[in-house]
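# Analysis of the macromolecular model
Okay, here's what each chain looks like letter by letter:
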Amino acid sequence: MRMYDLIMKKRNGADLTKEEINFMISEYTAGKIPDYQMSAMMMAIYFQGMNEEETAALTIAMANSGDMLDLSAIGGTKVDKHSTGGVGDKTSIALGPMVASCGVKIAKMSGRGLGHTGGTIDKLESFEGFSTGISSKHFIDQVNRIGISIMGQTLDLAPADKKLYALRDVTATVDNMSLIASSIMSKKLASGADAIVLDVKTGSGAFMKKEEDAFTLAKEMVTLGKHAGRKTVAVVSDMDQPLGFAVGNALEVKEAIETLQGNGPKDFVKLCMTLGSQMVVAGGKADTLEQAEEMLARAIEEGTALRKLAEFVEAQGGNPAAVYDTSLLPQAAIVEEICSEKEGYIEKIVCDEIGICSLILGGGRETKESEIDLSVGLVLHKKVGDYVRVGESLATIHANDEKKLGVAKERFLKAYTFCDKQIEKSDFIKGIVQ
Ligand code: URA
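Conventions adopted
Residues numbered from 1 in each chain as written. Predicted model: local features only at pLDDT ≥ 70, side-chain atom pairs only at ≥ 80, totals over all residues. Heavy atoms only, no water. Core = buried A, V, L, I, M, F, W, Y, C linked by side-chain atoms within 4.5 Å. Buried < 20%, exposed > 50% of the residue type's maximum accessible area, 1.4 Å probe, protein only. Helix = DSSP H or I, 4+ residues; strand = E, 2+ residues; numbered from the N terminus. Domains from an automatic or database assignment. Arc of directions from axis to C-beta. Contact = heavy atoms within 4.5 Å. Axes fitted to C-alpha atoms, helices over the stretch in contact; angles between N-to-C directions. Parallel < 35°, antiparallel > 145°, perpendicular 65-115°, else oblique. Left-handed = near helix turned anticlockwise from the far one by under 90°. Nonpolar A, V, L, I, M, F, W, Y, C, P; charged D, E, K, R; others polar. Salt bridge = Lys/Arg side-chain N within 4 Å of Asp/Glu carboxyl O.

What follows deals with the nonpolar core. Judged by nonpolar contacts, the single largest core of 82 residues is most densely connected at Phe127, Val280, Leu309, Ile354, Phe412 and Tyr416. Residue contributions to this core peak at eight residues, all from helix 12 (residues 266–282). Of the domains in this structure, domain 2 (79–324) and domain 3 (331–419) are the two that each give at least three residues to this core.

Laid out in structure tokens, this is it:
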């Protein structure tokens, strides 16, 4: 088999066989196919597309290209959750303990943040001493003991995707539905869970700006999960403005804690309940979504979810006292209000700009090697549809550097658009694909 022939075949619009896709992925992972040939193939796929069978074969080939996490030592159904990424997305930190306290096993691998979206691992490190660099044995033992563990990507999961994603990023071939779906699902399949609940974001802060594209992606990923024998469901949710109010690592942890105390923002609580009920049903702990929602609500009311978070933090070396006293989380030296210069109803917030403000303050990474400041970020007070007067606070900004604060503040104010008439708020949950 020759890569040249495969490129020509796809370029001319023919379908690749499973054997051809396996050859291409294994040889590329082994460094035997050069980046320039794979770039040409990605561009051919970008223009010619891939059918369902090709996409499934690509996903499986990438999932099999490295380590596969073996969770068979954990009893019961293991459920994973994955978000396509957004601004203020602290979901796993509240949702994991909520679902685990309903008896579902959460064995999750999470990543760090890059660019304007944050990563769960960074956020969790707001608990002093918390370590995600634990061994697979520690990870599995902890899930068996307390029902939840989140580890960093220490294993080499789907290395073919890692290589391919870096290549697509610089060859304008990221935004192809089949390539995105197979990239995400290959990593999920290698992570070993029996059931996968996907949170597909749509809007200005999301990868999929258009709702119809988010649904297409959701359907492709659900089909891929089912093909691979995993129970898979996708929730399509709004990311046209930040999720909840807090954006920034420790600030988001604080908001997740408040949510477990029963004081969470409405949109965030809705998301946790929607994803959580799917996870509890997929994990076999409830027969219906309604029953699952009741269990989750009880876990918050009775404090079991909050205690589960403290138990989880302690099991990974973090200080559990911070769960009950959030002043122990990293705090920024400068805390100021950002006041509105305009009056009216908020029509739009350019969501990724708010993520960039947090990045500018030091809360995100410009490159993989950047050190991040866990204490900085923003807490919004006004969201789309709210009425604001001149001088009223739009947000509180937390910073450690006056210069960065100035730049972020200016950018923040430009992200808001106002109008005269009250606007209709769109549904936060756009739909569920299963
Ligand atoms: N996230 C991924 O992991 N892969 C993509 O292709 C796009 C987003």
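Once the structure has been displayed, the description carries forward.
We now examine helix 1 (residues 3–11). Because an α-helix completes one turn every 3.6 residues, residues spaced three or four positions apart along the sequence face the same direction. Buried residues of helix 1: Met3, Leu6, Ile7 and Lys10, and no others. Angular distribution of buried residues about the axis of helix 1 spans 100°; they occupy a single face of the element. Where helix 1 is buried, its residues touch helix 2 (18–29), helix 3 (35–48) and helix 4 (52–63).

Viewed as axis vectors pointing N to C, helix 8 (residues 159–169) and helix 9 (residues 177–190) meet at an angle of 150°, and their least axial separation amounts to 10 Å. As summarised for this structure, helix 8 and helix 9 are arranged roughly antiparallel, according to the angle between their axes. You can see that helix 8 and helix 9 cross each other, and the crossing is left-handed. Between helix 8 and helix 9, the contacting residues are Asp161, Tyr165 and Arg168 on the first element and Leu179, Ile180, Ser183, Ser186 and Lys187 on the second. Across the contact of helix 8 with helix 9, the residue classes tally to three nonpolar, two polar and three charged.

Applying the stated criterion across every chain yields a total of 23 salt bridges. One salt bridge connects Asp194 with Lys78, and the closest N-O pair in it is separated by 3.7 Å. Residue Asp194 is located in the loop between helix 9 and strand 4 (195–202), and its partner Lys78 is located in the loop between helix 4 and strand 1 (79–83); the two are separated by 116 residues in the primary sequence. A single network of salt bridges, built from pairs that share partners, joins Asp80, Lys108 and Lys188.

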